[in-house]
Amino acid sequence: IKPISVEKALQRKPSLRRTGSGPSPDGPVARSLQHRLAQMHLCRQETLEVDISADPYGYGFSMQGGANHFENAPIVISAIEKESPADKCGIIQVGDRILTINGTEVHGLTLEQVFKLIRSSGGSILLLVEFDVAEGVVPTSGTFDVKLAKQGESLGITIVGHGINAEGGMWISVVKRGGVAYRSGMVQPGDTLLAINARSVRGLTLSDAAELLKAKSDIVTLHISKDEQVTGIPESLEFALELVKNGESLGITINGSNMPGEPIYISQIREGGLAFRTGALSVGDVIT
């Protein structure tokens, strides 16, 4: 059994209605730095499907491009509002190219046609987006810093620890595909986490470390260690996992005793549900 603790995200406050287009200070968003790096073969392109459900104020992202734009530019995410559904999904970022919406290709469509496609979606859209992942030589061993530019609420990593207060060390167990850490090309599951923003994680609880990762800072620096001799993480671990509900249930069933000190454990995980999609939880995990 792997002990864990689960934390819920704070509910966001109502704000302005979202989804639109915005001005670009330097031509189409398609000419973003990431896109130019990709053309220079410093990045590789990957695609990923993202399912987003609107809240009462919209999806929380703006777009640019389209058939009526300069050079028939692709439809590109130009802005993401903080604490919106698009922000909370932790995947899409400014500069990502939208390839399809609910299975319909958007290449050759005007921006207004794309807006109509979204408005007719009924409050939930499935986006196929193309994004860039940095290409580079990733060391197989050694200790180094990785600087991550925060784009939203999450860096897209799950950390775990050995022992109740992680006195046996902390590791990165999950790197969410499409997240900030994944796009850096440098962070991998099994990496040992030594410090966050120059603060050692030694003696910290997992909750303390999670708060450091969520700190309001444009750049988060992870001091990590890789060991080519290590093939995985310890079998018995405690970790904090943040699940953003966005109106849906967690998709888990829990069992246990009302007696003090008796464990509460996960007895069922619904396939396709929120907890199932994280890939981090298993039947038998204990909630501490």
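Residues numbered from 1 in each chain as written. Predicted model: local features only at pLDDT ≥ 70, side-chain atom pairs only at ≥ 80, totals over all residues. Heavy atoms only, no water.

Chemist: I would appreciate a short explanation of the environment of L222 in the present structure.
Modeler: On the secondary structure map, L222 appears in strand β14 (residues 219-226). The buried category is assigned to L222, whose relative accessible area is 0%. The sequence separation of L222 and L148 amounts to 74 residues, and the corresponding C-alpha distance is 7.8 Å. Excluding residues within four positions of it along the chain, L222 makes contact with F144, D145, V146, L148, I157, L193, A195, I196 and L213. (Helix = DSSP H or I, 4+ residues; strand = E, 2+ residues; numbered from the N terminus. Buried < 20%, exposed > 50% of the residue type's maximum accessible area, 1.4 Å probe, protein only. Contact = heavy atoms within 4.5 Å.)

Chemist: Just checking my understanding: could you explain the packing of aromatic side chains for this structure?
Modeler: For any pair of aromatic rings, the description consists of the separation of the ring centres together with the inter-plane angle of the planes. Throughout the structure, instances matching the rule amount to 2 aromatic pairs. Ring plane angle 65° and centroid distance 6.4 Å describe the contact between F131 and Y182, whose orientation is recorded as edge-to-face. Placement of F131 in strand β8 (residues 124-134) and of Y182 in helix α4 (residues 180-184) is noted, with a sequence separation of 51 residues between them. (Phe/Tyr/Trp six-rings, centres within 6.5 Å; stacked < 30°, edge-to-face > 60°.)

Chemist: I'm lost on the pairing of strand β12 (residues 192-196) in this one. Help?
Modeler: Consecutive side chains of a regular strand alternate in pointing toward one face of the sheet and then the other. Relative to β12, strand β11 (residues 170-175) runs antiparallel, the two sharing 2 bridges. Bridged to W171 within β12 is T192. Bridge count between β12 and β14: 4 bridges; the pairing is antiparallel. Looking at β14, one finds that A195 is bridged to H223. In this structure, β12 lies alongside strand β13 (residues 199-200), joined through 2 bridges in antiparallel fashion. Its bridge partner lying in β13, A195 is registered against S200. Between the end of β12 and the start of β13, which pair antiparallel, lie 2 residues, with N197 showing a positive phi angle near 50°. (Pairing = 2+ DSSP bridges.)

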